[in-house]
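# Descriptive structure summary
The residues making up each chain are set out below.
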Amino acid sequence: HKTNIAALSKATAALEKGATGFLQTSAGAKLRQLTVEMELSAADRDILSAFLAGGSSYVPQSGQITGILKQMQDTMEKDLADLTAAEEEAIKNFEELSAAKTKEI
């Protein structure tokens, strides 16, 4: 998730500056992959696909692309936080169980 979040952050920053050359970078490749893998509305997926296919000739209206990317990033950051919290809880539970079993022995 961290790599995907970083790629989305780079893509959003580049677009906000008006640069579309990032589509040729690894961040652009990751964005194409995320467009396929993430759960998006059909409209958002179509807008992103048109942008990725058209590159610099596609001009998003009122920041649609950056808005979609920011929404994707927010979703991924929330998912990462949820996964991290679940992992930390599992570690805590394991350590408590391990300590209890060690005490029994």
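Attention in this report is confined to the structure presented alongside it. (Residues numbered from 1 in each chain as written. Predicted model: local features only at pLDDT ≥ 70, side-chain atom pairs only at ≥ 80, totals over all residues. Heavy atoms only, no water.)

## Quick notes on the packing of helix 1 (residues 2-16) against helix 2 (residues 26-37)
So the rule is basically this: Throughout, an axis means a line fitted to C-alpha atoms (over the contacting stretch in the case of helices), and angles, computed between N-to-C directions, take values from 0 to 180 degrees. Per the convention used, a helix needs a DSSP run of H or I reaching at least four residues, while a strand needs a run of E reaching at least two, with both numbered from the N terminus. With respect to orientation, any angle under 35 degrees is reported as roughly parallel, any angle over 145 as roughly antiparallel, any angle of 65 to 115 as roughly perpendicular, and every other angle as oblique. By convention, the crossing between two helices is left-handed when the near helix turns anticlockwise from the far helix through less than a right angle, and right-handed when the turn is clockwise. Two residues qualify as a contact provided that any one of their heavy atoms is within 4.5 Å of a heavy atom in the partner residue. All residues other than Ala, Val, Leu, Ile, Met, Phe, Trp, Tyr, Cys, Pro, Asp, Glu, Lys and Arg, Gly among them, are scored as polar; the first ten of these are nonpolar and the last four charged.
In the contact formed by helix 1 and helix 2, the axes pass within 9 Å of each other and the chain directions differ by 110°. Between helix 1 and helix 2, the crossing angle belongs to the class labelled roughly perpendicular. Pair helix 1 / helix 2 crosses with left-handed handedness. Each of Thr3, Asn4, Ala7, Leu8, Lys10 and Ala11 in helix 1 lies in contact with helix 2, whose residues at this interface are Ala27, Lys30, Leu31 and Leu34. Partitioning the contact of helix 1 with helix 2 into residue classes produces six nonpolar, two polar and two charged.

## Section: the environment of Met76
The test is simple: The cut-offs for exposure are 20% and 50% of the maximum accessible area for each residue type, with area from a 1.4 Å probe on protein chains only; residues under the lower value are buried, those over the upper are exposed, and the others partly exposed.
Its location among the elements puts Met76 in helix 4 (residues 64-104). Its relative accessible area of 4% is what places Met76 among the buried residues. With sequence-adjacent residues up to four places away left out, Met76 is seen in contact with His1, Asn4, Ile5, Leu8, Leu34 and Met38.

## Quick look at the nonpolar core
Heads up, the rule is: In this text, buried Ala, Val, Leu, Ile, Met, Phe, Trp, Tyr and Cys residues form a nonpolar core when linked through side-chain atoms within 4.5 Å.
One finds Leu8, Leu48, Ile65, Leu69 and Met72 to be the most contacted residues of the largest nonpolar core, which totals 18 residues. When contributions to this core are tallied by element, the ones reaching two or more residues are helix 1, helix 2, helix 3 (42-54) and helix 4. Considering each element in turn, this core owes the most residues, five residues, to helix 4. When sequence neighbours within four positions are dropped, the list of residues in contact with Leu48 reads Thr35, Leu40, Ile65, Ile68, Leu69 and Met72.

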